[in-house]
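Here is how the chains run, residue by residue.
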Amino acid sequence: MESIIKKALELAAVEYLDIRLEESVITQIVYSGKELEKAGTNKKKGGSVRAFHRGSFGFATFNSIDELFKAVEEAQRLARISETKGPGLKRVDPVKDRVKAHVEDNPLEHSLEEKVDLARRYNDIILGAGEKVQSSRVLYEDRLVKTYFYSTEGTELKIEKIYCGVSFASFARDGSNVQMAFNSFGDQRGFETVLNHETDVEEVVKHSLDLLKAEKVEGGVYTVVLDPRIAGTFIHEAFGHLSEADHMARNEKLKKIMERGARFGPDYLNVIDDGSMVGERGYIGYDDEGVRARKNYLIKDGVLVGRLHSRQTAELMGEDVTGNARAIDFSYMPIVRMTVTYIDRGDKDFDELLEGIERGLYVIGALGGQTELEMFTFSAERAYKIENGRIGEMVRDVVLSGNVFETLKNIEGIGKDLVLFGGLGGCGKRGQFPLPVSDGSPHIRIKNVVIGGK
Amino acid sequence: MDKIFETLKKKDLEGFEVYFEETESNPIIFEQNELQSLEKKFDRGVGVRVIHRGRLGFSSTNDLERPDEVVEYALESAKYGEKVNYTFPGPSETERLQIYSDEGWPESERIEIGKRILEELKGLAKDVKIDMELNYSRKKVLILNSAGLRAKMEKTFYSFEISGFTITESGFVWVYEQKASLKPLPPFDDLIGKLLEKLEHANRTARSKSGELKVVFAPQALFSLIRPFAVGLNGKNIAKKISPLTDRVGEKIIGENITFIDDGTKPWSWGTRPFDDEGIPVRKRFLIEKGVLRGYLLDLNTSSKVGMQSTGNAFRKYTSLPSPSFNNLIIEPGEVPSSEILKDLDYGIVVHSVIGGGQSNLLAGDFSLNIGLGFLVENGEIVGRVKDTMVAGNVYDCFNRVYAISKDTEALGPYILPYIAFEKLSVTSKE
């Protein structure tokens, strides 16, 4: 195969061209209520050719290696159509490397039967929890992805990744009141990630039942304490996306706002994106342009110090590459994305974060988030009222919104207890979903957060 | 394809199905006022479902040269699969529908259009960064099964999307317009006018009161209020009895001025197709008629669980099992133009886009949305853009308080939606 790829590269007559071949094997098990909805293995293989010429890309995908030469011609034709005269790609030194999956216990060596048993065990815990539990959903997934990446600059990479994870949801119902609680674990550490979650499943069931009795949150402006999971979603939405340089590379106004040195938060706020954290779900090693992943500070001591780049945006802005060009699979062009994004640890104990809050919320678990770069929204699984520094009763339907220029400055404290989360979902951008990412944070406290409701 | 079919025939199976899909798309993408990329994407593969000892097995592959492997995986999966209470359908009469126009859309023409729009906007909307995607794609589906079905269809897709981003006194502003059809698009110059109008209104900021206000949802934002219905009507949630619409066919569930139609036969509409992804013919049918629930979205699997017939709403890719969804969802339009609804608004908000759709308890019908682009209207006039403002409620409640529905609609892919005006929605604004 290598010799075919190299032969194909010889056909290149554009500024730059790369070839990506990929093979994936995905095993999924889905329990939906009593039924095992799905248990099986799917395979996908294919590749793509990306050509760059005078400022724009041509991109062609294919299923079979027999079509590689045709795709090389097609990508070059598409790249040449445009008469854009944009800048080139940031220069990087070519690399030759082979990256193996870093799993200790390889999920692919376990039988489908064993995986079905595991999912059933978790599912039975949910369904056996009493008549108010109406239904369940348990998902097991492992995914082997092998990628070959070759470029006309001499980069040659062979990368293997193995993702493995499990998620479980409990649906509780009381008349027309239906509530859901959920948790997930997923990373690139191997099969042990999905084992021994019996207690976690029991907790999910309990939360779904408790939510039946919880009141809807009253809309208003609150001081909130976020748990590490939703604080991770918060920083992903609130600042991670804004740090993606493709939004600003050709936008002078936004560039000005995002100037290095601009203050975005208190001096104890540090935000990092790091694709080199082996084992995490968002670990990449190299990005999909063959650039080595690294630890990139986005905010240091409250001040903006960096952002996330592809080779194109780095060149456009005259900055260094960061290793953040990613595609969900071979059939998509790499675009600027996050990897493992987190708020670094601070110095507050949990009790200190609660201190002095007269009317607030302790917000836990993340159902999702969305941003339009300035304003963003993220939603919690559940929350507890905080009255005079004490945690009180549970409330539900907590959707929080914020504004990047105010909310980060409204951070009033950061805990010591940093946790990173992967799970089985991912991030969506420009039609590419789900991209495996991790996010995380310690507990944090923020004032003046708008929460929707009556 | 035939090799896989022949391999399956030789196995001792109660039933089997081969779903073949081939897609070819050719998007041209402009980013931040520059031509960014031209792409040619091709994908082809098969999904195999088998019924073996009463259980369902499934596997998919795009390696068509190895028919044995995908059949083997499907059989292994059937050891654990769901118990099956349905059979694959035989051939049936299907309508000839308007879903294919191979006229095409040359790359050069699309680049020309993109460049012309950028040129035009350069003068009219300085500092606005434009992203555009002009796409032409084709899709072939072939379904073969053990009951003798051999259903074949070919569709073409033409779409144009444009979004503008600018930074004004009211902060970051995003505006978006699109047009999509199965046949070549008519001129879409009107979209540019709409885009500019929104940009102009977004120049000023306005503060809305908090409390129960009149709120008008434009089609693009209304989509977020349809999602809870999509979840509630979905046969999967009916079968699991977690949808609030379970066992309520024939009951009035929302206001009688609301009608939801699923029409998979509407000429050239995005979701139109002669048969669904299991080979069941699609029809035009009421989901909610004058506020009364008439039916659900069902495929073979979910229909067998609730003791009904498939409604022809199965959707899938070759890599996944079918799951029910709308073909084309049409909310029946009203009598008045949307401009008049806004003119008649004494105090309220018109919402064009939201942030955070789908993050609430969709099953319960709840929504809690951050207004992305929305304007405060006083005495029929747009005062300015509202920000840091949320609107929340429950669709099964607020669709009882619709006081106006527009005559004009917008087709957002398979969703054909009017403007809908609600009485008394909870608005929370940061004072």
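Everything that follows concerns the structure shown earlier in this document.
Parameters and conventions
- Residues numbered from 1 in each chain as written.
- Chains lettered and ligands numbered in written order.
- Predicted model: local features only at pLDDT ≥ 70, side-chain atom pairs only at ≥ 80, totals over all residues.
- Heavy atoms only, no water.
- Helix = DSSP H or I, 4+ residues; strand = E, 2+ residues; numbered from the N terminus.
- Rg over C-alpha atoms; globule rule 2.2 N^0.38 Å.
- Areas by Shrake-Rupley, 256 points an atom, 1.4 Å probe, with all protein chains shown as cover.
- Lys, Arg positive; Asp, Glu negative; His and termini not counted.
- Charge placed at Lys NZ, Arg CZ, Asp CG, Glu CD.
- Phe/Tyr/Trp six-rings, centres within 6.5 Å; stacked < 30°, edge-to-face > 60°.
- Lys NZ or Arg CZ within 6 Å of the ring centre and 35° of its normal.
- Core = buried A, V, L, I, M, F, W, Y, C linked by side-chain atoms within 4.5 Å.
- Buried < 20%, exposed > 50% of the residue type's maximum accessible area, 1.4 Å probe, protein only.
- Contact = heavy atoms within 4.5 Å.
- Salt bridge = Lys/Arg side-chain N within 4 Å of Asp/Glu carboxyl O.
- Buried area = accessible area lost by both parts, 1.4 Å probe.
- Polar contact = N/O pair within 3.5 Å; in protein donor to acceptor, adjacent residues only side chain to side chain.
- Pairing = 2+ DSSP bridges.
- Axes fitted to C-alpha atoms, helices over the stretch in contact; angles between N-to-C directions.
- Patch = residues over 30% accessible without salt bridge, like charges linked within 9 Å, V, L, I, M, F, W, Y side chains within 5 Å.
- Expected span 1.5 Å × (residues − 1).
- Parallel < 35°, antiparallel > 145°, perpendicular 65-115°, else oblique.
- Left-handed = near helix turned anticlockwise from the far one by under 90°.
- Nonpolar A, V, L, I, M, F, W, Y, C, P; charged D, E, K, R; others polar.

I'm lost on the overall build of chain A in this one. Help?
Secondary structure summary: chain A contains nine helices and 25 strands in total. Taking 454 residues into account, the globule formula puts the C-alpha radius of gyration at 22 Å, and chain A, at 23 Å, falls close to it. Counting only carbon and sulfur atoms, one obtains 45% of the accessible surface of chain A, whose full area is about 16700 Å². Taken together, the 63 basic and 73 acidic charged side chains of chain A have centroids lying 4 Å from each other.

Can you walk me through the packing of aromatic side chains in this structure?
The description of an aromatic ring pair uses the distance of the two centres, along with the angle that the planes make with each other. Taken as a whole and judged by the stated rule, the model has 27 aromatic pairs over all chains. Seen in terms of ring centroids, B:Phe260 and B:Phe399 are 6.5 Å apart; in terms of plane orientation they differ by 80°. Their pairing is edge-to-face. Taken together, the positions of B:Phe260 in strand β9 (residues 260-263) and B:Phe399 in the loop between α9 (395-398) and β19 (402-412) put the pair 139 residues apart, joining distant regions of the chain. Joined through ring pairs, the aromatic side chains of A:Phe239, A:Phe264, A:Phe405, B:Phe165, B:Phe172 and B:Trp174 make up one cluster. The lysine or arginine in question, B:Lys214, covers the ring of B:Tyr403, its NZ or CZ lying 5.4 Å from the ring centre. Positioned above the aromatic ring of B:Tyr19 is the side chain of B:Arg316, whose terminal nitrogen or guanidinium carbon lies 4.3 Å from the ring centre.

Explain the nonpolar core here, please?
Buried together is how nonpolar side chains tend to be arranged in soluble globular proteins. By size, the foremost hydrophobic cluster in this structure holds 49 residues, and its most contacted members are A:Leu226, A:Phe234 and A:Phe239. For this core, the elements supplying multiple residues, two or more each, are β9 (220-226), α5 (228-240), β11 (295-300), β16 (359-371), β17 (375-387), β20 (411-414) and β25 (444-451) of chain A together with β6 (150-168) of chain B. In terms of residues, this core owes the most to one element, α5(A), which gives six residues. Apart from the residues lying within four places of it in its own chain, the contact partners of A:Phe239 are A:Phe234, A:Met258, A:Phe264, A:Leu298, A:Ile299, A:Leu304, A:Val404 and A:Leu408. Judged by nonpolar contacts, the second largest core, of 48 residues, contains B:Val354, B:Val402, B:Ile420 and B:Phe422.

Even after reading the chapter, I still don't get the environment of A:Glu355, so can you show me in this structure?
Residue and element names in this part refer to chain A. Its location among the elements puts Glu355 in the loop between α8 (350-354) and β16. Overall, Glu355 belongs to the exposed group, its relative accessible area being 55%. Sequence separation between Glu355 and Arg430 is 75 residues, and the spatial gap between their C-alpha atoms is 42 Å.

Looking at this model, I keep getting lost on the pattern of salt bridges. Mind explaining?
Opposite charge on two side chains permits pairing when their charged atoms draw close. Taken as a whole, this structure holds 61 salt bridges over all chains when the rule is applied. Linking B:Lys305 and B:Glu82 is a salt bridge whose minimum nitrogen-to-oxygen distance equals 2.3 Å. Highlighted residues: B:Lys305 in helix α7 (residues 300-306) and B:Glu82 in the loop between α2 (67-78) and α3 (107-124), separated in sequence by 223 residues. Among the charged side chains, a salt-bridge network with shared partners connects A:Glu74, A:Arg77, B:Lys40 and B:Glu107.

In this structure, what is going on with the interface of chain A and chain B? I would like to understand it.
Interface size is commonly expressed as the accessible area that is lost once the parts come together. Tallying the contact residues gives 85 residues for chain A and 74 residues for chain B. For the pair chain A and chain B, the two sides together bury roughly 6800 Å², of which 48% comes from carbon and sulfur. At the boundary of chain A and chain B, one finds 13 salt bridges. For the salt bridge of B:Glu31 with A:Arg430, the shortest nitrogen-to-oxygen distance reads 3.8 Å.

What's the story with unusual backbone geometry in this structure? I'm lost.
Outside of glycine, negative phi angles account for most residues, and trans bonds account for most peptide bonds. A cis geometry characterises the amide bond from A:Phe433 onward to A:Pro434, with omega recorded as -5°. The residue A:Pro434 is located in strand β23 (residues 432-435) in this model. Located in the positive-phi region is B:Asp127, a residue other than glycine, with phi close to 70°. By secondary structure assignment, the location of B:Asp127 is in the loop between α3 and β5 (129-145). Relative accessible area serves as the criterion here: at 41%, B:Asp127 is assigned to the partly exposed category. Its identity is not glycine, yet B:Lys424 carries a phi of approximately 55°, on the positive side. Mapped onto the elements, B:Lys424 comes out in strand β20 (residues 415-429). For B:Lys424, a relative accessible area of 47% puts it in the partly exposed group.

Explain the side chain of A:Ser438 to me, please; I cannot follow it from the model alone.
Residue and element names in this part refer to chain A. By the secondary structure assignment, Ser438 is in strand β24 (residues 438-441). At 3.2 Å, the side chain of Ser438 and the backbone nitrogen of Arg281 are in polar contact. For Ser438, the side chain forms a polar contact with the main-chain nitrogen of Gly282, separated by 2.9 Å. Those residues in contact with Ser438 that lie beyond four places of it in its chain are Glu280, Arg281, Gly282, Thr339, Val340, Thr341, Phe421 and Gly422.

Would you mind going over the sheet that holds strand β12 (residues 303-304) of chain A with me for this structure?
Pairing between the strands of a sheet is mediated by backbone hydrogen bonds and can be parallel or antiparallel. All names here are of chain A. Judged by pairing direction, the sheet is mixed, and its six strands sit side by side in the order β12-β11-β10-β15-β24-β21 without closing on themselves. Strand pairing shows two members of the sheet lacking a second neighbour, β12 and β21 (419-421), which therefore form its edges. Pairing between β11 and β12: two bridges, direction antiparallel. Of the residues in β12, the one forming a bridge with Ile299 is Leu304. Packing of α5 onto the sheet brings it into contact with β10 (271-274), β11, β12, β15 (340-343), β21 and β24, and relative to β24 it is tilted by some 115°.

For this particular structure, what's the right way to read a nonpolar patch on the surface?
On the surface, A:Ile4, A:Leu11 and A:Phe69 cluster together into a nonpolar patch covering about 210 Å² of accessible area. The exposure class assigned to A:Ile4 is partly exposed, which follows from its relative accessible area of 33%.

Sorry if this is basic, but what is going on with the pairing of strand β4 (residues 55-61) of chain B here?
The two faces of the sheet receive side chains in turn, since in a regular strand these alternate between them. All names here are of chain B. For β4, the tally of buried residues reaches six of seven residues, placing the bulk of the element in the interior. As paired strands, strand β3 (residues 34-52) and β4 are joined by seven bridges and run antiparallel to one another. Of the residues in β4, the one forming a bridge with Ile51 is Leu56. The antiparallel pairing of β3 with β4 creates a hairpin that spans two residues between the two strands, and Arg53 there sits at a positive phi of about 50°.

Got a minute to help me understand helix α2 (residues 68-81) of chain A in this structure?
Taking 1.5 Å as the rise per residue, α2(A) with 14 residues should run 20 Å; its terminal C-alpha atoms sit 20 Å apart, in good agreement. Where α2(A) is concerned, the buried positions are A:Leu68, A:Ala71, A:Val72, A:Glu74, A:Ala75, A:Gln76, A:Leu78 and A:Ala79. Buried residues along α2(A) sit in contact with α1 (2-9), β1 (16-32), β2 (35-53) and β3 (56-62) of chain A together with β3 and α3 of chain B.

What exactly am I supposed to notice about the packing of α3(B) against helix α4 (residues 189-201) of chain B here?
For any two helices packed against each other, one specifies the inter-axial angle together with the distance between the axes. Residues and elements named next belong to chain B. Running from amino to carboxyl end, α3 crosses α4 at an angle of 30°, the nearest separation of the two axes being 12 Å. What the angle tells us is that α3 and α4 run roughly parallel. In this structure, α3 meets α4 at a crossing whose hand is right-handed. Every residue of α4 that contacts α3 at Arg116, Ile117, Glu120, Leu121 and Leu124 is listed here: Asp189, Ile192 and Leu196. Residue composition of the contact of α3 with α4, grouped by class: five nonpolar, no polar and three charged.

Taken by themselves, the reported measurements are silent on function.
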